[in-house]
Amino acid sequence: MNKSVTFKQSMVLLITVILIFSISILGFGLSPNVPLVISLIFVMLYAKKRQTSWQDIQGQLLKGIEQALAPLFLFLLIGMLIGLWMETNTIPTLLWTGLKLANVEWFLPSTVLIMAIMGTMVGSAFTTLATVGVALMGVGTAIGFDPGIVAGAALSGAIFGDKSSPLSDSTNLASSIAGTDLFAHIKNLMWTTIPALLGSLLLFTFLSKQIKVASDVHELQHLASLLSPNWWSMVPLILLVVMAWRHVPAIPTLLMNIAVTGIIFVFNHSIQQFSDVIMNGSTTTIKNEMLASLLNRGGMLSMMPTVIIIMLALALGGLLTQQGILSAFMTPLVTRIKTQAGVITGTVITGISANFLIGEQYLATILPGQLWKESFVRLKINPLTLGRSLEDSGTVINYLVPWGVAGSFAAQTLGVSVTSFAPFTFFALLSPICSLISAWTGIGQIKHDE
């Protein structure tokens, strides 16, 4: 039987993994795939040195990947849907509407609010980004804003909506881990989500007024004139909202939408063209270079780079978790913290760290919950605070991780690298700060017996 991993061993291993990522990505500018593979080999050799059988090592790798089979399948469906929504004029109609109504001075804060409302209705940041987010990216780029800033605004609103919706998987997960009522959990989240949203709106309003954009109203109207909007192309969007509102899970919702959109598409095209679109995405005939770059996207194959990164990250996370490396590092630290503020701070830091080490949003929520739940009971901290701390770190930070499930998806869908939009995803940056302020000031902390 293998000996337990010591604290010193786990610390050396984790520091080595962090150095591999830092040198590869920051030093050499490599794709996250490279340090993921190197780290995977390094941790695998350590596992073998601990006399773990090759069969068990393979099982631990696969167990990590199994944790996110649903999101991986979801990404392929979203790739299909984007291609079909482009070809059936759904996203171009949203883009046309945005170009017609665009107000340069208020565009960025408006983007945050639109995405927040849509995200709350749909309950999925991923779906919101892949539909309305793509259209708003097109409008913002056409106006002349930096794509990273527009992506940051879209993400800030989408993440807020995801956290505030009773339909959200991540919100339900955090509530169940903490053992609290879902709606009480969402109500308690407002102590940190509302300040983070208001802070985001203020920062984007400031940016909107400071940035000088190249486009004017006439140029926007010209771009709009190149598009051909129609009312029936909104049917898939309405169907998406209705099914989400009726609590239909994400995968059946997307499959149903693909079926309806596919029928609309086949009325004007062949089955062979339908097959090409869901595999390779949309190819527009518009000659304008800017619009063409926005509209030529989608298809299952476009999601494969994201799927590859996520599978490697999850395999690494599976090894680190199953070998007991993460728990060996964290458990001694958890037992030494004796104050309520310290426990909440530790939970937030663990959630952030887990996102960068594991790369999976759900695992980065589950692991801190398992590690710190006993400390919340011991120090008589209301479990609602545990759920909120998990959301403010485990859920939101994954969008800022280049090899994370959420970060990779956002980068692929919006066409902007994580390093470009991370500094402007103000909601994700402010959420853990608001959580720490609440921990150390007592503001928004509900008593244990309430």
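Our subject is the structure that appears above.
Our subject in this report is the structure included herewith. (Residues numbered from 1 in each chain as written. Predicted model: local features only at pLDDT ≥ 70, side-chain atom pairs only at ≥ 80, totals over all residues. Heavy atoms only, no water.)

**Some details on the side chain of Ser375**
Counting through the fold element by element, Ser375 comes out in helix 19 (residues 363-378). On the basis of relative accessible area, Ser375 is assigned to the buried category, the value being 4%. Reaching out from Ser375, the side chain makes a polar contact with the side chain of Arg378 at a distance of 3.2 Å. Not counting chain neighbours up to four residues away, the residues in contact with Ser375 comprise Val334 and Val343. (Helix = DSSP H or I, 4+ residues; strand = E, 2+ residues; numbered from the N terminus. Buried < 20%, exposed > 50% of the residue type's maximum accessible area, 1.4 Å probe, protein only. Polar contact = N/O pair within 3.5 Å; in protein donor to acceptor, adjacent residues only side chain to side chain. Contact = heavy atoms within 4.5 Å.)

**Some details on the packing of helix 16 (residues 304-322) against helix 21 (residues 405-414)**
In contact at an axis separation of 9 Å, helix 16 and helix 21 are set at 165° when each is read in the N-to-C sense. In terms of orientation, helix 16 lies roughly antiparallel with respect to helix 21. Between helix 16 and helix 21 lies a crossing whose hand is right-handed. Between helix 16 and helix 21, the contacting residues are Pro305, Thr306, Ile309 and Ile310 on the first element and Val405, Ser408, Phe409 and Gln412 on the second. Split into classes, the residues belonging to the contact of helix 16 with helix 21 amount to five nonpolar, three polar and no charged. (Axes fitted to C-alpha atoms, helices over the stretch in contact; angles between N-to-C directions. Parallel < 35°, antiparallel > 145°, perpendicular 65-115°, else oblique. Left-handed = near helix turned anticlockwise from the far one by under 90°. Nonpolar A, V, L, I, M, F, W, Y, C, P; charged D, E, K, R; others polar.)

**Side note on the packing of aromatic side chains**
Summed over the entire model, instances satisfying the criterion amount to 10 aromatic pairs. Centroid distance Phe7 to Phe329: 5.5 Å. Interplanar angle 5°. Geometry classified as stacked. Here the residue Phe7 occupies a position in helix 1 (residues 7-27), and Phe329 occupies one in helix 17 (residues 325-336), the gap between them amounting to 322 residues. With a centroid separation of 4.6 Å and an interplanar angle of 40°, the aromatic rings of Phe126 and Phe409 are classed as tilted. Pair noted here: Phe126 is in helix 7 (residues 125-143) and Phe409 is in helix 21, with a separation of 283 residues, a long-range link. The residues Phe126 and Phe409 share a single accessibility class, namely buried. Members of the aromatic cluster, joined through ring pairs, are Phe21, Phe356 and Trp403. Across the ring face of Trp106, the terminal group of Lys209 is positioned such that the distance to the ring centre comes to 4.8 Å. (Phe/Tyr/Trp six-rings, centres within 6.5 Å; stacked < 30°, edge-to-face > 60°. Lys NZ or Arg CZ within 6 Å of the ring centre and 35° of its normal.)

**Observations regarding the pattern of salt bridges**
Per the stated rule, a full pass over the model turns up one salt bridge. With its nearest N and O atoms 2.6 Å apart, the salt bridge here joins Asp392 to Lys163. Of this pair, Asp392 sits in helix 20 (residues 383-395) while Lys163 sits in helix 8 (residues 147-164), and the two are 229 residues apart along the sequence. What makes Lys163 buried here is its relative accessible area of 0%. (Salt bridge = Lys/Arg side-chain N within 4 Å of Asp/Glu carboxyl O.)

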